[in-house]
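The lines below spell out each chain.
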Amino acid sequence: MMKRLLLNELIDWKNSASRKPVLLDGARQTGKSYLLEELFGQQFKQIVRLDFLEQPRLAGIFNDSLNPDDILNNIELELNVSVDRDNALFIFDEIGECQAAVNSLKFFAEQCPQMFVCASGSNIGLLGSFPVGKVELLNLCPMTFEEFVWASEQTALIKAFEQMSMGKVAHDKLFSLLIDYYFVGGMPEAVGSWFDGVDEVGILERTKKVSQIHSSLITGYERDFGKYSDKVSAQHIQAIFHNIPVQLSKNMDDSVKRFKFKDVIKKKDRYQALAGPINWLAKCKLLSQCYPVDCEPSSPLSALAKENIFKLFLFDVGLLGHMLALSYKEHRDQGFSYKGYIAENFIQNELIAQGVGPTYSWEYARAELEFLYKCDDGSIVPVEVKSGKRTRAKSLKVYVDRYQPKTTVKLIGSTGSIEDKAALVLPLYYVSKVRQLLG
């Protein structure tokens, strides 16, 4: 049974005195149903689940009225069950397929704050209307590296990760697992397959199975492009989706460059022409954006960014490698030049999973810093990513000379040190620890 970090937030929600319904967003197949029913569901004696994609007829439950009492009566009639209204977990799965169910969340929030109502969907960003202020919105990303470490079930390694061990033995094992993560990614089905029978199944069979899962996932997303948009838009969405890995792969050992609009879609070479499909993919959580800042960073960073200048990253690093046909052997060979953009996409996804999004980077002349991290007190911390063992940070020096930040962070491909709180040096896999270190 795979652990998910978001489970703690759901338990806190359950234990609160009163609550709004939870609306769990996230790309398709990131494990939303599993999290709600199999993991969070253990907190309840009764689970009442409606899946509007699997059973479209269930939308009829909301036809008569959006009053919670009427809805609950209809649920009992439709499912032939008696529900404990104040103690059961109600799950409205793929709620985007039933707008009336979405609308009902407002009334559950206002009239039944004691109830445990959770809704989930993979196209929530595309909804026609949304009960703003009446739901607690959570986002489930693909499994993070920390969740991947948990899934490995290596007790000693999990302990070393949680304690932020900087020893060489721990580093060698964690970095090796990170390379596995680059190949597998965080899609739960791929992760489950990778660790299932790890001691009995050969590496060739394991990598083949993961690649098959990746192929199936890509096909499913492409099918969604046509299902939730018109034919022309679907073609444009697909063109951008497949162009993101191509553009990322052109960034060898340097920082990822701004996304170029030219030659992605025929006869469309400006931001306005591509904004629609890019926004569609962003709303469906299949990509994320990082906005370069070309002046002294200050809060709010959004005020310094330009709408039409950004980097695009794919939501899962495993699917990124699959779309570029990178084999497991290539991933294991860290001498290959592609490691830079893979590492940068990994860092981006880890930050997004922590709720840091969109992200920001910094540019000045030929100097580039991959990320800017804003602390709770509003201070800006420069973050430089070095995927290999070379740790000389020329761009970071330029930034420090110009702005004298109180703290800097380097994420590197070897072990690091946190002794100097003003100049943190961390292995790439500890990026999720940055928040607790910076406060």
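Criteria and cut-off values
Residues numbered from 1 in each chain as written. Predicted model: local features only at pLDDT ≥ 70, side-chain atom pairs only at ≥ 80, totals over all residues. Heavy atoms only, no water. Helix = DSSP H or I, 4+ residues; strand = E, 2+ residues; numbered from the N terminus. Expected span 1.5 Å × (residues − 1). Buried < 20%, exposed > 50% of the residue type's maximum accessible area, 1.4 Å probe, protein only. Phe/Tyr/Trp six-rings, centres within 6.5 Å; stacked < 30°, edge-to-face > 60°. Arc of directions from axis to C-beta. Pairing = 2+ DSSP bridges. Axes fitted to C-alpha atoms, helices over the stretch in contact; angles between N-to-C directions. Contact = heavy atoms within 4.5 Å. Parallel < 35°, antiparallel > 145°, perpendicular 65-115°, else oblique. Nonpolar A, V, L, I, M, F, W, Y, C, P; charged D, E, K, R; others polar. Disulfide = S-S within 2.5 Å. Salt bridge = Lys/Arg side-chain N within 4 Å of Asp/Glu carboxyl O. Polar contact = N/O pair within 3.5 Å; in protein donor to acceptor, adjacent residues only side chain to side chain.

Its 17 residues give helix α7 (residues 168-184) an end-to-end C-alpha distance of 24 Å, which sits within 8% of 24 Å, the value for a rise of 1.5 Å per residue. For α7, a buried count of 12 out of 17 residues is recorded, marking the element as mostly surrounded by other parts of the structure. Here α7 has its buried residues at Ala170, His171, Leu174, Phe175, Leu177, Leu178, Ile179, Asp180, Tyr181, Tyr182, Phe183 and Val184.

Okay, the packing of aromatic side chains next. Counted by the stated rule, this structure contains 35 aromatic pairs. Seen in terms of ring centroids, tyrosine 181 and phenylalanine 346 are 5.8 Å apart; in terms of plane orientation they differ by 75°. Their pairing is edge-to-face. Here the residue tyrosine 181 occupies a position in helix α7, and phenylalanine 346 occupies one in helix α14 (residues 339-353), the gap between them amounting to 165 residues. Overall, the relative accessible area of 5% leaves tyrosine 181 in the buried class. Aromatic side chains phenylalanine 225 and phenylalanine 241 sit 5.4 Å apart centroid to centroid with 75° between the ring planes, which places their arrangement in the edge-to-face category. A residue pair is termed long-range when its members are at least 10 positions apart, and phenylalanine 225 in helix α9 (residues 203-227) and phenylalanine 241 in helix α10 (residues 231-249) qualify at 16 residues.

Once that is clear, we can look at helix α6 (residues 155-162). Buried within α6 are the following residues: Leu157, Ile158, Ala160 and Phe161. The buried residues of α6 occupy an angular sector of 160° when projected down its axis, which confines them to one face. Those residues of α6 that are exposed and aimed more than 90 degrees away from the buried face are Thr155, Ala156 and Lys159. Remark: methionine 164 follows α6 within two positions and exhibits a positive phi of approximately 55°.

With that settled, the discussion passes to the sheet that holds strand β3 (residues 89-93). The parallel open sheet is built from five strands, whose spatial order is β2-β3-β4-β1-β5. One side of each edge strand has no neighbouring strand; the edge strands of this open sheet are β2 (47-51) and β5 (136-139). Averaged over all neighbouring strand pairs, the angle between strand axes comes to 20°, with direction disregarded. One ladder, built from four bridges, connects strand β1 (residues 22-25) with strand β4 (residues 116-121); its direction is parallel. Bridge assignment links leucine 24 to a residue of β4, and that residue is serine 120. Contacting β1, β4 and β5, helix α1 (residues 7-15) crosses the sheet at an angle of about 150° to β4.

In this section: the packing of α10 against helix α11 (residues 271-283). Where α10 meets α11, the closest approach of the two axes is 9 Å, and the angle between their N-to-C directions is 70°. Viewed along their axes, α10 and α11 adopt a mutual orientation that is roughly perpendicular. Mapping the contact onto sequence places His236, Ile237, Ile240 and Phe241 in α10 and Leu274, Pro277, Ile278, Trp280 and Leu281 in α11. Residue classes in the contact of α10 with α11 are distributed as eight nonpolar, one polar and no charged.

Following serine 299, the chain continues into proline 300 via a peptide bond in cis, with omega recorded as 0°. Along the chain, proline 300 falls in the loop between β6 (287-293) and β7 (311-314). Residue proline 358 follows glycine 357 across a cis peptide bond; omega there is -5°. Structurally, proline 358 is set in the loop between α14 and β8 (359-364). The backbone of asparagine 80 sits at a positive phi, close to 60°, despite the residue not being glycine.

With respect to the helices, strands and loops of the structure, isoleucine 412 is situated in strand β11 (residues 408-412). The buried category is assigned to isoleucine 412, whose relative accessible area is 1%. Considering only alpha carbons, one finds isoleucine 412 and tyrosine 429, 17 residues apart in sequence, at a separation of 8.8 Å.

The next point concerns the state of the cysteines. Applying the stated rule across the entire model yields zero disulfides. Unpaired in terms of disulfides, cysteine 290 finds its nearest cysteine sulfur in cysteine 295, a separation of 14 Å.

On to the pairing of β6, then. Along β6, seven of the seven residues are buried, which leaves the element largely enclosed by surrounding structure. Side chains Leu287, Gln289, Tyr291 and Val293 project from β6 onto one buried face, and the interleaved Ser288, Cys290 and Pro292 project onto a second face that is buried too. As paired strands, β6 and β7 are joined by four bridges and run antiparallel to one another. In the strand pairing of β7, leucine 287 is matched with leucine 314.

What follows covers the pattern of salt bridges. Tallying each qualifying case throughout the model produces 18 salt bridges. In this structure, glutamate 110 engages lysine 134 in a salt bridge whose closest nitrogen and oxygen atoms are separated by 3.2 Å. Pair noted here: glutamate 110 is in helix α4 (residues 99-111) and lysine 134 is in the loop between β4 and β5, with a separation of 24 residues, a long-range link. Here aspartate 172 and lysine 168 are joined by a salt bridge, their closest N and O atoms 2.8 Å apart. With aspartate 172 and lysine 168 both in helix α7, this residue pair falls four residues apart, about one helical turn.

Here we have seven strands laid out as an open sheet, ordered β7-β6-β8-β9-β10-β11-β12, and mixed in their pairing. This sheet does not close on itself; its edge strands, each paired only once, are β7 and β12 (423-427). This sheet shows a mean twist of 30° between the axes of neighbouring strands, independent of strand direction. As judged from the three bridges shared by strand β10 (residues 380-385) and β11, these two strands associate in the parallel manner. What sits directly across from valine 383, in β11, is valine 409.

Here asparagine 308 shows up in the loop between β6 and β7. As for asparagine 308 and arginine 270, which are separated by 38 residues in sequence, their C-alpha atoms are 8.9 Å apart.

Before going further, it helps to spend a moment on the side chain of serine 120. Following the sequence through the fold, serine 120 ends up in strand β4. Judged by its relative accessible area of 0%, serine 120 falls in the buried class. For serine 120, the side chain forms a polar contact with the side chain of aspartate 93, separated by 2.6 Å. Beyond its immediate sequence surroundings of up to four residues, serine 120 is in contact with Leu24, Lys32, Leu36, Phe92, Asp93, Glu94 and Ile95.

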